[in-house]
Amino acid sequence: MSDREITYAEALREAMREEMRKDSRVFLFGEDIGIYGGAFGVTQGLIEEFGPERVIDTPISEIAIIGGATGAALVGMRPVAEIMFFDFMTIGSDQLVNQAAKIHFMFGGKAKVPMVVRSPAGSGTGAAGHHSGSLESWFAHIPGLKVVAPSTPYDAKGLLKSAIRDDNPVVFVEHKLLYKTKGQVPEEEYYIPIGEAEVKREGKEVTVVGYSIIVPRALEASQILAREGIEVEVIDIKSLRPLDTETIARSVKKTNRVLVGYEPPRFGGFGAEVAAWIAEELFDYLDAPVVRLGGEEMPPPYNPNLERKIVPQVEDIVREIKKLVG
Amino acid sequence: MLSLEDKLEMYRKMYLIRTFEERAEELYMEGKIWGTFHLYVGEEAVAVGACSALRPDDYITSTHRGHGHCIAKGADVNRMMAELFAKDTGYSHGLGGSMHIADVDKGNLGATGIVGSGIPIATGAALGCKLQKNNKVVLCFFGDGAANTGAFHESVNMAAAFRLPVVFVCENNMYAMSFSVKKAFAIADISERALGYGIPGAGVDGNNVLEMYEATQVAVERARRGEGPTFLEARTYRWKGHSKSDAQAYRTKEEVREWKEKCPIKFLGGHLKEEGVKEAELESIRKKVEAEIEEAVEFALKSPEPTLEEARRMVYV
């Protein structure tokens, strides 16, 4: 692999730049993505290269952004919409859930909606109740949508390129705390298939299944636990839907113990789906009930100490794994 | 008719907003306040002029740039500052932060982080007032950006059709984050929108607190008579960046400088002097305000943090 290191945000930008250079149907659509460069700077410099016809600043109109992307996709474009904060996805959700997700099916396969909706999710920046949401579980529930949530710059680039190439609507979840994280990313083009999980660390005693911000936290927890002789296997599912159950199954058959980690509230979250699937399909392989380590049942609080406490941190993963193997 | 005392009180409130915002910004730079916030500096006349036309028990809804509305409606700056410090003594017990300060006892139904989301709530509050026949009016603040949301259209139409007692005050500070109103609208004046809803609309100099007061007064009286909503477009300017992470590449320093010359506080100070108020009196008001803000900072610093147990109790009633 190339030894060039770039940030997660830069990797996303590179994915969009490469796809826009290759395919004139690809354009960007969202609030403050032009000269401002996006609320988190992800699209910085793209308006200079591609101009305002392909990097389109919109009014504050999430319904028209997601619905507009849907309509443009319907007539042959490949829009990449940005919703400034994941919480604002709720505003445009009618267009995403009732239209984009269902059009191919409802129209009997006669039309398709190749679009990506990118959006920063997650807490940890003190942005409180309306700017810290992790609503990916909602969208993973919708047949017709794909939901991708990469954890590294390498995955971010390869998966966003695949998402832009995908003929289905893809929700692309970007955790805010990952934007500035660095990692090796090749300068050349590559695609990572949507729906393939990856074993990010091999271990034999317990499996952690996670995505997005939970993956680096699980890896850090694994290092701490390794010093105590507990070998943890970390699976990054990368996409919530479709879900790569094969990779999960292989690991569970080896370790017989599983912790599913996710930032949103534990109740009704995506981890519950993973836990239920494991319980149904791999019951005989389990030495202990599957543990769900999710967030607290509350909106994101502003106070920094509380904000940190309500989502799984490294120390929470270490503690729960010790209980699981103990 | 505004008395001299009324105008001096307006001056005090505008300066209180200005000082609160500038002190909060300093504290943020010093790392004592975290997260982000949206400063109201330069727009003080809109909130103070509009809220001065309300009765104490009337309601307002606010925005992400809400500190000014809150102070104009009579909030306690100690509790506001404590909220920015994420302390238990803050308006939201440190759980909401800058974008979610509400002062329900004073009729402030809260700030919001979702642009446009206060407009349906104001409409609903006005519906509640109408059903309760309590003769109260709701004043709904929102920005130029919010005027392009679906929530705006649905709500203004409903309020107009139902003749609800609400006044829509669009604070046109010329930019929705980085997006200029010149690019975001195909009409010259946002107030033209009123025509399409069948309600009166007017553009107001949002840096002139007296004009702001008078226009709101007319709209509030109309609402109280049961004749329905009014749409006011208050033209003003945001001196600071959108939030605490804005390089402001989308506007020129020249433009900012020109607007700073139209400072709403300086304007009212000039007017008061024409009415015979001495500079020493204005200075004494300013000194008192500055001391009040320093006390608020002390109060916030000394206050305890909220606990997780308390936060858990807040999720449900």
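Here the structure is a predicted model, which means the values were calculated and not measured. (Residues numbered from 1 in each chain as written. Chains lettered and ligands numbered in written order. Predicted model: local features only at pLDDT ≥ 70, side-chain atom pairs only at ≥ 80, totals over all residues. Heavy atoms only, no water.)

1. Points about the pairing of strand β5 (residues 116–121) of chain A
Residue and element names in this part refer to chain A.
Argument step 1. Burial runs high along β5: six of the six residues are buried.
Argument step 2. Residues V116, R118 and P120 of β5 are buried on one face, and the alternating residues V117, S119 and A121, pointing to the opposite face, are buried as well.
Argument step 3. Where strand β4 (residues 78–82) lies against β5, three bridges are found, and the strand directions are parallel. In the strand pairing of β5, V80 is matched with V116.
Argument step 4. Here β5 pairs with strand β7 (residues 170–175) via six bridges, running parallel. Its bridge partner being in β7, R118 is matched across the sheet by F172. (Buried < 20%, exposed > 50% of the residue type's maximum accessible area, 1.4 Å probe, protein only. Helix = DSSP H or I, 4+ residues; strand = E, 2+ residues; numbered from the N terminus. Pairing = 2+ DSSP bridges.)

2. Describing the nonpolar core
Soluble, globular proteins show a tendency: their nonpolar side chains are buried together.
Argument step 1. Residues L96, F139 and I278 of chain A together with M81 and F142 of chain B are the most contacted members of the largest nonpolar core, which totals 161 residues.
Argument step 2. For this core, the leading source of residues is helix α1 (residues 4–29) of chain B, giving eleven residues.
Argument step 3. In terms of nonpolar packing, the next biggest core, distinct from the first, is built from 34 residues, A15, I33, I47 and V170 of chain A among them. (Core = buried A, V, L, I, M, F, W, Y, C linked by side-chain atoms within 4.5 Å.)

3. So, the sheet that holds strand β9 (residues 198–201) of chain A
The strands making up a sheet associate through hydrogen bonds between their backbones, and the pairing can be parallel or antiparallel.
All names here are of chain A.
Argument step 1. Spatial ordering of the open sheet is given by β9-β11-β10-β13-β14, a layout of five strands whose pairing is mixed. Each edge of the open sheet is held by one strand with a lone partner, namely β9 and β14 (291–295). On average, adjacent strands in this sheet sit at an angle of 25° to one another, irrespective of strand direction.
Argument step 2. By the bridge criterion, three bridges tie strand β10 (residues 206–210) to strand β13 (residues 258–265) in an arrangement that is parallel. (Axes fitted to C-alpha atoms, helices over the stretch in contact; angles between N-to-C directions.)

4. So, helix α12 (residues 314–325) of chain A
Residues and elements named next belong to chain A.
Argument step 1. The end-to-end C-alpha separation of α12 is 17 Å, in line with the 16 Å expected for twelve residues at 1.5 Å each.
Argument step 2. Turning to α12, its buried residues number three or more, namely V314, D316, I317, V318, E320, I321 and L324.
Argument step 3. Along its buried surface, α12 packs onto β10, α8 (214–227), β11 (232–236), β13 and β14. (Expected span 1.5 Å × (residues − 1). Contact = heavy atoms within 4.5 Å.)

5. Concerning the environment of T207 of chain A
Residue and element names in this part refer to chain A.
Argument step 1. In this structure, T207 sits in strand β10.
Argument step 2. When the C-alpha atoms of T207 and L74 are compared, they prove to be 41 Å apart, with 133 residues separating the residues in sequence.
Argument step 3. Apart from the residues lying within four places of it in its own chain, the contact partners of T207 are E233, I235, S251, V252, T255, R257, V258 and L259.
Argument step 4. A polar contact is formed between the side chain of T207 and the side chain of S251, at a distance of 2.7 Å.
Argument step 5. Side chain to side chain, T207 and T255 meet in a polar contact 2.6 Å long. (Polar contact = N/O pair within 3.5 Å; in protein donor to acceptor, adjacent residues only side chain to side chain.)

6. Some points on the state of the cysteines
Argument step 1. This model, assessed by the stated rule, comprises zero disulfides over all chains.
Argument step 2. Sulfur of C129 of chain B: no disulfide; nearest cysteine sulfur belongs to C140 of chain B and is 13 Å away. (Disulfide = S-S within 2.5 Å.)

7. A few points about the interface of chain A and chain B
Argument step 1. Each partner contributes to the interface: chain A provides 36 residues, whereas chain B provides 37 residues.
Argument step 2. For the pair chain A and chain B, the two sides together bury roughly 2,800 Å², of which 66% comes from carbon and sulfur.
Argument step 3. Among the residues chain A hides against chain B, the three largest losses belong to Y36, I60 and Y302 of chain A. Together they make up 27% of the total.
Argument step 4. One can count one salt bridge joining chain A with chain B.
Argument step 5. Between R312 of chain B and E296 of chain A there is a salt bridge, with its nearest N and O atoms 2.5 Å apart.
Argument step 6. Inspection of the region where chain A meets chain B yields 15 residue pairs in polar contact (both at pLDDT 80 or more). (Buried area = accessible area lost by both parts, 1.4 Å probe. Salt bridge = Lys/Arg side-chain N within 4 Å of Asp/Glu carboxyl O.)

8. Focus: empty space enclosed by the protein
Residue and element names in this part refer to chain A.
Argument step 1. Across all of its chains, the model carries three cavities of 30 Å³ or more by this definition.
Argument step 2. Roughly 70 Å³ of volume is contained in the largest cavity.
Argument step 3. Broken down by secondary-structure element, the contributors of at least two residues to the lining of the largest cavity are β7 and β13.
Argument step 4. For the lining of the largest cavity, a count of residues per class yields seven nonpolar, three polar and three charged. (1 Å grid on protein atoms, 1.4 Å probe; cavity = no way out; pocket = protein on both sides within 12 Å on 5 of 7 lines; lining within 4 Å. Points joined across faces, edges and corners; volume = space filled by probe spheres on them. Nonpolar A, V, L, I, M, F, W, Y, C, P; charged D, E, K, R; others polar.)

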